[in-house]
Amino acid sequence: MNVLNSFALLANGEALDWNQIPEYSLSDFIRNVSEELELGARMVSFFALPEGSEKRLVAVLALDSSSVLCVSRSQPFSGSFPSLTPKYPEAHLFEREIYEQYGLLPLGHPWLKPVRKNLNVIQDPKNFFSVEGSEIHEVSVGPVHAGVIEPGHFRFQCDGEEVLHLEIALGYQHRGIEEALLGGPHRLSIHQIETIAGDTTVGHSTAYAQALEALAGVQAPLYALWVRAIALELERLANHTGDLGALANDVAFIPTSSACGKIRGDFLNLTALLCGNRFGRGMVRPGFSPIDCEPKRLALLSERFEQTLRDALQAVGWLWDSASSRARFEQVGAVDTPLAAKIGLVGLAARSCGLVRDVRFDHPTGWYRFAQVPLAVWPDGDVFSRAKVRWLEMQHSGEFLKEQFNSQPEVESAEKITSLAPDKLSVSLIEGWRGEICHVALTDSEGRFRRYKITDPSFHNWMGLALALRNQAISDFPICNKSFNLSYCGFDL
Amino acid sequence: MLKMFGRSLKLRQVSAGGCNACEADINVLGTIGWDLGRFGIQYVASPRHADGLLVTGPVSKNMELALKKTYDAVSEPKIVIAIGACAISGGPFANHEQVRSGVDAVLPVDLYIPGCPPHPLTILDGLLRLLNRLEKQT
């Protein structure tokens, strides 16, 4: 039997009737999902939802090479389910989350800890993996760190300077976003979406808009899609510039660090020129574009962008010209390609391990159906590679934006979305600057959110950082951490 | 007290459920474009070196203890500055059971700086106003 028959297929940004999604007994469901993963599908989302007094599992997988997403669901059940994690480690955190959110026990899960809610259990020293031996010492960092950054807890098991194991415990930023969306969309929903991860405001709000448009059966006007693409690439440029500056700072290469700190702000100011907010709040709304970029403003945007991009490329160029900085990045914090695929890395972290994985390329929606950004891939998986992919993406996004400024579509009138279709499920993927953002929305019989599942790229990628530290000097943690620069609040929700 | 801090104010930042936008625009004041140091204000790594806290986020319950401990580690006299809509009232997360809906539910606040996030200029204006160091308009 073709396994794919056991899934409903859809493209990114589409919706399906809930009852069109094939439903299988728990054991068949798990078997189908494993078979599909075995054939090379990638786990995009895996979550539970209540069904009467029981619960049900839903899996969303991606077949990247054929630009198809597939969805399946189990029959309602209670108690436990066989864990996919031992064979498919990319499922590990999804299963921990299912256990924490709905109490379904993944039998055979090797490291079943809560994810973000039950902090007393998460941060109890007893619940960390520990290495034994007279030479072993443990370094515990956070939740409050030395810099102006978000909170998280890191525990290193070290033999001298060498890190044998790093375990990362998060949850400190948990604000209850998924719960708050239930019964929505509410008036506050869009503002909560915009603050899932503040540095990815455009990414998450675009994923939300796309999910809602699919549920409402509305096609956003071309103009809105154009604005979203411009905003998304500006967000990418601002963050990549900031990250390369931060990496330079961590190897004490101050020229790039100083300049990039400022230039990052210049990119943010371009976002503010479009919508009035440096982080893109108010930029994206479901169904229409609240932004009207009239010719005068577009000309100013385009002119200031060219200057900012030149500054950014020059400042990062200094870093590449510095052999001692390059040498500090090489062969540090490497994750090899098979391991990256196994743990399900996404986004620039995946592309830095040689994986060809980019939603804009694999599952294009919106403006990316008409205009393509070249993919940036580098094979080595180390800090150098992650810096290099950022550098390539800055150039690609820069060229892309310069072209798009000349391709502004006509303003069309469009309506705000007022109601969503009942009993539908939509899947919306967006390539944010860190990687794949996934929103899965399911409506009830009244067209209100029955479940809204958010997966920030950091959810997939924190494990990558933990593994990158294996057998590295603990003093290399800062550059490894900056090279991933993952979101705490995007993970904690 | 503020007179005492007037020429050298060291602040420790704590994100307590902040989305990283307020944090980013606090950070940016330290860069060459703003050069906060010229006003005698500096972000420091340890609460032991600080004269006060800059708090962002609605104060997630999961950060409440860490925030209180950080506050306790700052020596007296000390100030608390709440930055951004979340830190002021909980912002879009107000009344969620997972948060305390603002810093003043947990610590005494001396200055509120509004915005989502506040523009760096707004933050700078707030800090200088608190220190009574805004230059008089002529």
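In this text the structure is predicted, and so the values were computed from the model without any measurement.

K.L.:
Can you explain the side chain of T443 of chain A? Please cite residues and give values.
P.N.:
All names here are of chain A. Position of T443 relative to the elements: it lies in strand 13 (residues 436-443). T443 gets classed as buried once you look at its relative accessible area, which sits at 0%. A distance of 2.8 Å separates a polar side-chain atom of T443 from the backbone oxygen of A421. Apart from the residues within four sequence positions on either side, T443 is in contact with L215, L420, A421, P422, D423, K424, R448 and R450.

K.L.:
Which residues make up the domain arrangement of chain A, and what values go with them?
P.N.:
Each assigned domain of chain A is listed here: domain 1 (3-107), domain 2 (119-169) and domain 3 (182-468). Here domain 1 of chain A and domain 2 of chain A have C-alpha centroids that lie 32 Å from each other.

K.L.:
Lay out the nonpolar core with the relevant residues and their values.
P.N.:
Residues and elements named next belong to chain A. By size, the foremost hydrophobic cluster in this structure holds 120 residues, and its most contacted members are F46, L57, F267 and L465. Broken down by element, the residue count for this core peaks at 15 residues, all from helix 7 (residues 222-250). When neighbours within four sequence positions are excluded, F46 is seen to be in contact with F29, L57, V58, A59, F81, L84, F94, E95 and I98.

K.L.:
Lay out the side chain of E431 of chain A with the relevant residues and their values.
P.N.:
Residue and element names in this part refer to chain A. Summarising the element assignment, E431 is placed in strand 12 (residues 424-431). Within the local environment of E431, its side chain forms a polar contact with the side chain of R351, the two groups lying 2.8 Å apart. If near-sequence neighbours (up to four positions away) are discounted, E431 is found in contact with L232, R236, G347, R351, R357, D358, V359, R360 and E436.

K.L.:
With reference to specific residues and values, describe the pattern of salt bridges.
P.N.:
Residue and element names in this part refer to chain A. Scanning the model with the defined rule gives 37 salt bridges over all chains in all. Of the charged contacts, one joins R360 and E233 as a salt bridge, the two residues approaching to 3.2 Å between their closest N and O atoms. Highlighted residues: R360 in helix 13 (residues 359-362) and E233 in helix 7, separated in sequence by 127 residues. The class of R360 is buried, set by a relative accessible area of 7%. Ionic contacts of the salt-bridge type, sharing partners, join the residues E233, R236, R351, D358, R360, E393 and E431 into one network.

K.L.:
Please give an account of the pairing of strand 13 of chain A that cites residues and values.
P.N.:
All names here are of chain A. Across the 8 residues of strand 13, 8 count as buried, placing the element largely inside the fold. The alternating pattern of strand 13 places E436, C438, V440 and L442 and I437, H439, A441 and T443 on opposite faces, both of which are buried. With 7 bridges connecting them, strand 12 and strand 13 associate as antiparallel partners. Paired with V427 across the strands is V440, a residue of strand 13. A loop of 4 residues connects strand 12 with strand 13, the two strands running antiparallel in sequence, and G435 in this loop sits at a positive phi of about 150 degrees. One ladder, built from 6 bridges, connects strand 13 with strand 14 (residues 449-455); its direction is antiparallel. Paired with T443 across the two strands is F449, which belongs to strand 14.

K.L.:
An account of the environment of K69 of chain B is needed here, citing residue identities and associated values.
P.N.:
Within the secondary structure layout, K69 of chain B lies in helix 3 (residues 61-73). Taking C-alpha positions, K69 of chain B is 9.6 Å from P47 of chain B, a pair spaced 22 residues apart along the chain.

K.L.:
I'd like to hear about the sheet that holds strand 11 (residues 162-169) of chain A, residue by residue, with values.
P.N.:
Residue and element names in this part refer to chain A. The strand order 9-10-11 describes an open sheet built from 3 strands, whose pairing is antiparallel. Both edges of this open sheet fall to strand 9 (136-141) and strand 11, since each of them pairs with a single strand only. Put simply, the sheet's adjacent strands are angled 20 degrees from each other on average, direction ignored. Of the strand pairs in this sheet, strand 10 (residues 153-159) and strand 11 are connected by 7 bridges, and their pairing is antiparallel. Its bridge partner being in strand 11, D159 is matched across the sheet by E162. Strands in contact with helix 15 (residues 457-468) are strand 10 and strand 11; relative to strand 11, the strand with the most contacts, it is inclined by about 160 degrees.

K.L.:
Explain the packing of aromatic side chains to me, using residue names and the numbers behind them.
P.N.:
In this description, a pair of aromatic rings is defined by centroid distance and the angle of the planes. Residue and element names in this part refer to chain A. Following the criterion strictly, the structure yields 20 aromatic pairs over all chains and no others. Aromatic pair Y208 and Y452: ring centres 5.9 Å apart, planes at 55 degrees, arrangement tilted. A residue pair is termed long-range when its members are at least 10 positions apart, and Y208 in helix 6 (residues 201-216) and Y452 in strand 14 qualify at 244 residues. Judged on exposure class, the residue Y208 and its partner Y452 are both buried. Aromatic rings pair up to connect F154, F156, W462, F477 and Y488 into one cluster.

K.L.:
Tell me about the interface of chain B and chain A, residues and numbers included.
P.N.:
Often the size quoted for an interface is simply the accessible area lost on bringing the parts together. Taken together, the contact between chain B and chain A spans 35 residues of the former and 39 residues of the latter. The junction of chain B with chain A conceals about 2,800 Å² of combined surface from both sides, 60% of it contributed by carbon and sulfur atoms. Per-residue buried area on chain B facing chain A is highest for C19, N62 and F93 of chain B; these three make up 21% of the total on that side. Our enumeration of links across chain B and chain A arrives at 1 salt bridge. The salt bridge involving D25 of chain B is made with R278 of chain A; its shortest N-O contact spans 2.6 Å. Counting every contact that joins chain B to chain A gives 17 residue pairs in polar contact (both at pLDDT 80 or more). Sort the elements by how many residues they give to the side of chain B that touches chain A and helix 2 (residues 21-27) of chain B lands first, with 6 residues. Here the residues of the side of chain B that touches chain A sort into 19 nonpolar, 13 polar and 3 charged.

K.L.:
Kindly report on the environment of F288 of chain A, identifying the contributing residues and their values.
P.N.:
All names here are of chain A. The residue F288 is located in the loop between helix 8 (254-275) and helix 9 (295-321) in this model. A C-alpha to C-alpha distance of 42 Å links F288 and F154, two positions 134 residues apart in sequence. Apart from residues lying up to four places away in sequence, F288 is in contact with P221, A224, R228, A414, E415 and K416.

Parameters at a glance
- Residues numbered from 1 in each chain as written.
- Chains lettered and ligands numbered in written order.
- Predicted model: local features only at pLDDT ≥ 70, side-chain atom pairs only at ≥ 80, totals over all residues.
- Heavy atoms only, no water.
- Helix = DSSP H or I, 4+ residues; strand = E, 2+ residues; numbered from the N terminus.
- Buried < 20%, exposed > 50% of the residue type's maximum accessible area, 1.4 Å probe, protein only.
- Polar contact = N/O pair within 3.5 Å; in protein donor to acceptor, adjacent residues only side chain to side chain.
- Contact = heavy atoms within 4.5 Å.
- Domains from an automatic or database assignment.
- Core = buried A, V, L, I, M, F, W, Y, C linked by side-chain atoms within 4.5 Å.
- Salt bridge = Lys/Arg side-chain N within 4 Å of Asp/Glu carboxyl O.
- Pairing = 2+ DSSP bridges.
- Axes fitted to C-alpha atoms, helices over the stretch in contact; angles between N-to-C directions.
- Phe/Tyr/Trp six-rings, centres within 6.5 Å; stacked < 30°, edge-to-face > 60°.
- Buried area = accessible area lost by both parts, 1.4 Å probe.
- Nonpolar A, V, L, I, M, F, W, Y, C, P; charged D, E, K, R; others polar.

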